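One-letter residues, chain by chain:
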Amino acid sequence: MVIEIQDLVKKYGKKTVVDGVSLNIKEGEVLGLLGPNGAGKSTTISAILGLVKISAGDVKIFGQTLKPGAVDIKKRIGYVPQDFAFFPELSAYDNVTYWAKLYQIKGKDVKEAVKEALDFVGLWDRRKDKAKTYSGGMKRRLNIACAIVHKPDILIMDEPTVGVDPQSRNNILDAVRILNQKGTTVIYTSHYMEEIQAICNQVAIMDNGRIIAQGTIDELIHLMSEERKVRLDISNMTEEAYKKIQSWKFLSDISKEENEIHFKMNEQDMSKLMEELVKNKIEVIALDVEKPNLETVFLQLTGKKLRD
Amino acid sequence: MNILNQIYYTVKRIFMEYKAVAIKLLSFILLILILGSAFTDAFEVSSLDEITVVCYNGDQGDSGKDFLDSMMKIDSIKELITFKEVSTFEEAEELVNNEEAEAVICIPDNFSEQVQTQDTANTIEVYQRKYSGISSTVIENVVESYVNGLNCAGVVYQLQGNLDGFDFTAESGLEEQPLTSSGKVPTSMGYYALAMLLMMMLYGAEYGCNGTAEESLGTLGDRVKLSPMKTYQQYIGKIIGLALVTFIQALVIIIFTKIVYDVDWGNNVPLLLAIIFSFSVVTTTLGAMLCILTGNESKAQSIITVLIIVFTFLAGGFVYADFSNVEHISLSYYAKSAILNMVYAGDLNVVYRNIGIMWGVTVVFIIISVFIAERKKA
């Protein structure tokens, strides 16, 4: 385990922001911390990094508690905060150089590391421009470059795509994938389900300071009931055909909308449905079975949408 | 290495915003020009025009006449005052009202009698024209000094029975003294160059505050805390870097005012640099301390803005004023006093003492900052 969190509690006064979070992150994983705004994701990240004093519990990185003087551990961590954490008056080159030197990269290695980091995020050509002149997406990428210049073993990214255009978002997600392929363990917080689903192989869903579910995406989806929403588009829609479908007991919540019939059914009854349709000579134009995703998992677990 | 890195990037960052720095420096250079030109008269004493004084002697005896005659014979008084004798008080009054004379020295009619009886009920009176300004002060002082001299003579006569060895002349009683030991006097341009330089340097507290807020309160600070750099390296590097920024800006003002405004900054360059650097450090640590103390950049900035005005005012930065010991609470006072002593008075003890005080205050600010920061961590 590269990170072990046991019963982490963080209180601000009487308010409990993180309530008994336990997580184990293995080397090479991309853990997505998914939850709505205010779920406690950023506080959990801050607690992992020792940026806030925890109220209870235990956090270990590489088997040790992260203390201010733990230089060897600090060198192995990269942190991409939610807000921009660089100097807007300096160029991208100067910014990344500053962090490279802070992470004790020396001599010729500094130039190489800076070039590699800026190339990686696609900012090498704009390296001489002041950071404050960059677009939101470019600033996000520079934020990442500053965090990876020292080639960390763990990269902790706190909502790194907030407020960026889709193209920059895709670039950032690609970057995370590549870093992970190179062996970097990543913790990625987001309230965008699509991002987590796209890059994470482990997911922890947070709400109200607690982890309400965790596992791989497939494991989480399997937590869902096996009932699926189905849309059936038929060519010979008659009152008789609709009544027939209504009589099939393995369907529920049946409704009609022109040539479409919507209902819920158990995934295991799919073959039964096919048989009945053929037997009753109902001509099917289209059949859609809604696949559950993390959004639906979240909805089912909490009764609310991720972006509520 | 981390400290040097921190210093280099701190200085570089601020000077990368060269437009903001240039505007700041230009505004102070302009202020020096405006204030220095506007208050020239307050610093340069031009020669006084001759003052006409009317003498009315109402005394029936000889003492009044003797008093006036002997006063009019003193050369140093004659250099300042032209006497005009009149026979009636109304005549004297008319001359003053017509602005032909500044004042009337009036000897009362029983003056001789009083001298004999040593009665002090009626005295020589000086009537002045309204709003006559410095002239009236001169007359008042001349008459007062002269009367004092006579009193002294009286006492000497009573004690030794004669006036042997007593010489009441302006030359013996007064000695011309320059304002400073080196004989140099600050010009208005010189005075306001110093005042505005110190005010500009007080803004170094803002750098201290911003720098501390950025690296202690914000996300950037979180990232720095996660880096292998130690807290003391971060703090020292930041403070020295920010102090250097203020120091360099101060040098620009000094060089500019020396070349363009002909301001005298003295000949002891290393000592001047030591004073300026000490003041840069103390202002920077003040800003850093206020930021840590309040835990809020905006609040700290507001306090700094007030302090800049108060410190500058107390140190006589806006108008030349004497606030007695109250000015000691102003940080600017120590730098101002050190520079004035170095350039004009040549009293190096005061200079070294003030540099010491500034470093002492710096240490206090650092201790408070560290103490508060540690308490907030806990």
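From a predicted model like this one, the values you see are computed outputs, not experimental measurements.

Novice: What is the right way to look at the packing of helix 1 (residues 2–16) of chain B against helix 13 (residues 231–259) of chain B in this model?
Specialist: Helices that pack against each other are described as a pair by the angle of their axes relative to one another and the distance between those axes. All names here are of chain B. For the pair helix 1 and helix 13, the least separation of the axes is 8 Å and the interaxial angle reads 35°. The hand of the helix 1/helix 13 crossing is right-handed. From helix 1, Asn-2, Ile-3, Gln-6, Ile-7, Thr-10, Val-11 and Ile-14 reach across to helix 13, where they touch Gln-233, Gln-234, Ile-236, Gly-237, Lys-238, Ile-240, Gly-241, Leu-242, Leu-244 and Val-245. Per-class residue counts for the contact of helix 1 with helix 13 are nine nonpolar, seven polar and one charged.

Novice: How do you make sense of the nonpolar core when you look at a structure like this?
Specialist: One recurring pattern in soluble globular proteins is that nonpolar side chains are buried together. In terms of nonpolar packing, the biggest core is built from 79 residues, with Val-96, Ala-145, Val-149 and Ile-156 of chain A touching the most fellow members. Among residues more than four places away in sequence, those in contact with Ile-156 of chain A are Ile-45, Ile-48, Leu-49, Ile-77, Tyr-79, Val-80 and Ile-187 of chain A. In terms of nonpolar packing, the next biggest core, distinct from the first, is built from 62 residues, Leu-272, Leu-290, Phe-311 and Ala-338 of chain B among them.

Novice: Which parts of the structure should I look at to understand the interface of chain A and chain B?
Specialist: Interfaces are often described in size by the accessible area the parts lose on coming together. Contacts between chain A and chain B engage 19 residues on the former and 16 residues on the latter. When residues of the side of chain A that touches chain B are traced back to their parent elements, those giving at least two are helix 2 (71–74), strand 5 (77–80) and helix 3 (92–102) of chain A. Here the element with the most residues in the side of chain A that touches chain B is helix 3 of chain A; it accounts for three residues. Looking at the side of chain A that touches chain B residue by residue, the classes come out as 13 nonpolar, one polar and five charged.

Novice: How do you make sense of the UniProt feature "transmembrane region" (unreviewed entry) in chain B when you look at a structure like this?
Specialist: UniProt records the feature "transmembrane region" (unreviewed entry) for residues 21–39, 189–205, 235–257, 269–291, 303–321 and 350–373 of chain B in the present numbering. Counting secondary structure, residues 235–257 of chain B comes out at 100% helix and 0% strand; the distance between its end C-alpha atoms is 33 Å.

Novice: I'm lost on unusual backbone geometry in this one. Help?
Specialist: Note: most residues except glycine have negative phi, and most peptide bonds are trans. All names here are of chain A. Even without glycine at this site, Phe-62 takes up a positive phi of about 50°. Residue placement: Phe-62 occurs in the loop between strand 4 (56–61) and helix 2. Residues other than glycine seldom take positive phi values, yet Asp-253 does so here, at roughly 50°. Summarising the element assignment, Asp-253 is placed in strand 11 (residues 251–257).

Novice: Help me out: how do you make sense of the sheet that holds strand 7 (residues 185–190) of chain A in this one?
Specialist: To summarise the sheet geometry, strands pair through backbone hydrogen bonds and adopt either a parallel or an antiparallel arrangement. All names here are of chain A. The sheet built from six strands is open, its strands ordered 5-6-7-3-8-9 with mixed pairing. The two strands at the open ends of the sheet, each matched to only one other strand, are strand 5 and strand 9 (210–215). This sheet shows a mean twist of 15° between the axes of neighbouring strands, independent of strand direction. Relative to strand 8 (residues 202–207), strand 3 (residues 30–34) is paired through four bridges, and the arrangement is parallel. Across the sheet, the residue bridging to Leu-34 is Ile-205, located in strand 8.

Novice: I keep staring at the pairing of strand 11 of chain A and nothing clicks. Help me out?
Specialist: Every regular strand shows the same layout, with side chains that alternate between the two sheet faces. All names here are of chain A. Across five bridges, strand 11 lies against strand 12 (residues 260–266) in antiparallel orientation. Note that in strand 12 the partner of Lys-256 across the bridge is Ile-261. Taken together, strand 11 and the strand that follows it, strand 12, pair antiparallel across an intervening segment of two residues, in which Glu-258 is found at a positive phi of about 55°.

About the cut-offs
- Residues numbered from 1 in each chain as written.
- Chains lettered and ligands numbered in written order.
- Predicted model: local features only at pLDDT ≥ 70, side-chain atom pairs only at ≥ 80, totals over all residues.
- Axes fitted to C-alpha atoms, helices over the stretch in contact; angles between N-to-C directions.
- Helix = DSSP H or I, 4+ residues; strand = E, 2+ residues; numbered from the N terminus.
- Left-handed = near helix turned anticlockwise from the far one by under 90°.
- Contact = placed C-beta atoms within 7 Å.
- Nonpolar A, V, L, I, M, F, W, Y, C, P; charged D, E, K, R; others polar.
- Core = buried A, V, L, I, M, F, W, Y, C linked by C-beta atoms within 7 Å.
- Buried ≥ 20, exposed ≤ 12 C-beta atoms within 10 Å, placed from the backbone.
- UniProt positions renumbered as here; feature names shortened; annotations may be inferred.
- Pairing = 2+ DSSP bridges.

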